[in-house]
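An overview of the molecular structure
Residue-level listing of the chains:
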Amino acid sequence: SVKDDLIRVSLIKRDAAGNALAGAEFAVQGRFPDGDVEKTFSSDDAGVLFQDYVLLGSAEGERYLIRETQAPAGYELLGDVVLRVHDDGTVAVDEATPEGVRGAVSVDQADGTAVVTVRDAAIEVELRKVSEDGKALSGAEFKVVGTFADGAAEKALESAQDGTATLASLVA
């Protein structure tokens, strides 16, 4: 007979600085204890998509695909994450997860629960001010009007020594 081992997992959404991100939506595909093969989750104000959720584990590592379907306002969508849930309670990011995405995912084992944290990068635009002959101009002032993740409608920027100014947390 085959026994499915039940493993507790939490999924948390953060920004690059570790702040909670509300409003992310994820589809999780895999084998669930209730027989479902896909579930959807949204992050709350604490960045929690689910906490102490029971997933199935196996000796070879039960496969779960985590796909962000909506990023929080001002953030880029995270690429697909593949997790392996093992019957001993360990959870690991599978090598099928693209290398650039793996760096945005961490797994910590705490008190019998695997805590998976995924981090989104803010949408950024780099502006560059140059002279007619292509030389960088520092000190140029930019006023940008639009919609920003912090609720602001306008941002003021100044170009650095290399002529660049970075605008972050734009709402797409």
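Higher on the page you've got the structure.
Keep in mind it's a predicted model, so treat the numbers as computed, not measured.

Across its full length, the protein carries 1 helix and 13 strands. Its helices and strands in sequence order give the protein the pattern β-β-β-β-β-β-β-α-β-β-β-β-β-β, from N to C terminus. Dimensions of the protein, computed from the C-alpha atoms along their principal axes, are close to 75 × 30 × 25 Å. Put simply, of all contacts in the protein between residues at least 6 apart along the chain, 51% involve residues at least 24 apart. Summing over all exposed atoms, the protein offers an accessible surface of approximately 9500 Å²; the carbon and sulfur share of this is 46%. Considering the protein, the positive charge centre built from 16 side chains and the negative charge centre built from 32 side chains are found 2 Å apart.

With that out of the way, let us pick up the packing of aromatic side chains. One pass over the structure, following the stated rule, counts 5 aromatic pairs. Ring centres 5.7 Å apart and planes at 65 degrees place the aromatic pair phenylalanine 32 and tyrosine 64 in the edge-to-face group. You can see phenylalanine 32 sitting in the loop between strand E2 (25-29) and strand E3 (38-42) and its partner tyrosine 64 sitting in strand E5 (residues 62-70), a full 32 residues away along the chain. The two residues phenylalanine 32 and tyrosine 64 agree in class, both being buried. Arranged with centres 4.6 Å apart and planes meeting at 55 degrees, the rings of phenylalanine 41 and phenylalanine 50 form a pair that is tilted. Relative accessible area serves as the criterion here: at 8%, phenylalanine 50 is assigned to the buried category. Three or more aromatic residues link up through ring pairs in this structure, and these residues are Phe32, Phe41, Phe50, Tyr53 and Tyr64.

So, on to the sheet that holds E3. Across the sheet, 5 strands lie side by side as E3-E2-E5-E6-E7; this open sheet has antiparallel pairing. Only two strands of the sheet have a single partner each, and these edge strands are E3 and strand E7 (91-93). Looking at each pair of strands side by side, their axes are set apart by 25 degrees on average, direction ignored. Relative to strand E6 (residues 81-85), E5 is paired through 5 bridges, and the arrangement is antiparallel. The partner of glutamate 62 across the bridge, within E6, is valine 85.

This paragraph deals with a negative patch on the surface. Judged by side-chain charge, Glu76, Glu124, Glu126 and Asp162 come together as a negatively charged surface patch. In this fold, glutamate 76 is placed in the loop between E5 and E6.

Following the sequence through the fold, alanine 165 ends up in strand E13 (residues 164-168). Separated by 12 residues in the primary sequence, alanine 165 and alanine 153 have C-alpha atoms spaced 18 Å apart. Excluding its chain neighbours within four sequence positions, the residues that come into contact with alanine 165 are Val125, Glu126, Leu127, Phe142, Leu157, Glu158 and Ser159.

Further remarks concern unusual backbone geometry. Even without being glycine, aspartate 52 reaches a positive phi, approximately 55 degrees. Note on placement: aspartate 52 falls in strand E4 (residues 48-57).

Moving on, we come to the environment of glycine 112. By secondary structure assignment, the location of glycine 112 is in the loop between strand E8 (105-110) and strand E9 (113-120). Sequence-wise, glycine 112 and glycine 163 are 51 residues apart; in three dimensions their C-alpha atoms are separated by 51 Å.

Right, let's get into the pairing of E8. Note that E8 and E9 share 6 bridges and pair antiparallel. Across the sheet, the residue bridging to aspartate 108 is valine 115, located in E9. Linking E8 back to E9 in an antiparallel pair, the connection comprises 2 residues, with aspartate 111 at a positive phi of about 50 degrees.

What follows covers the environment of arginine 102. Inspection of the secondary structure puts arginine 102 in helix H1 (residues 99-102). Given the relative accessible area of 35%, arginine 102 is considered partly exposed. Spatially, the C-alpha atom of arginine 102 lies 7.5 Å from that of valine 81, the residues being 21 residues apart in sequence. Residues within four places of arginine 102 in sequence aside, it is in contact with Val93, Asp94, Glu95 and Thr97. Within the structure, arginine 102 has its side chain in polar contact with the backbone oxygen of threonine 97 (distance 2.8 Å).

Reading guide: rules and limits
Residues numbered from 1 in each chain as written. Predicted model: local features only at pLDDT ≥ 70, side-chain atom pairs only at ≥ 80, totals over all residues. Heavy atoms only, no water. Helix = DSSP H or I, 4+ residues; strand = E, 2+ residues; numbered from the N terminus. Contact = heavy atoms within 4.5 Å. Areas by Shrake-Rupley, 256 points an atom, 1.4 Å probe, with all protein chains shown as cover. Lys, Arg positive; Asp, Glu negative; His and termini not counted. Charge placed at Lys NZ, Arg CZ, Asp CG, Glu CD. Phe/Tyr/Trp six-rings, centres within 6.5 Å; stacked < 30°, edge-to-face > 60°. Buried < 20%, exposed > 50% of the residue type's maximum accessible area, 1.4 Å probe, protein only. Pairing = 2+ DSSP bridges. Axes fitted to C-alpha atoms, helices over the stretch in contact; angles between N-to-C directions. Patch = residues over 30% accessible without salt bridge, like charges linked within 9 Å, V, L, I, M, F, W, Y side chains within 5 Å. Salt bridge = Lys/Arg side-chain N within 4 Å of Asp/Glu carboxyl O. Polar contact = N/O pair within 3.5 Å; in protein donor to acceptor, adjacent residues only side chain to side chain.

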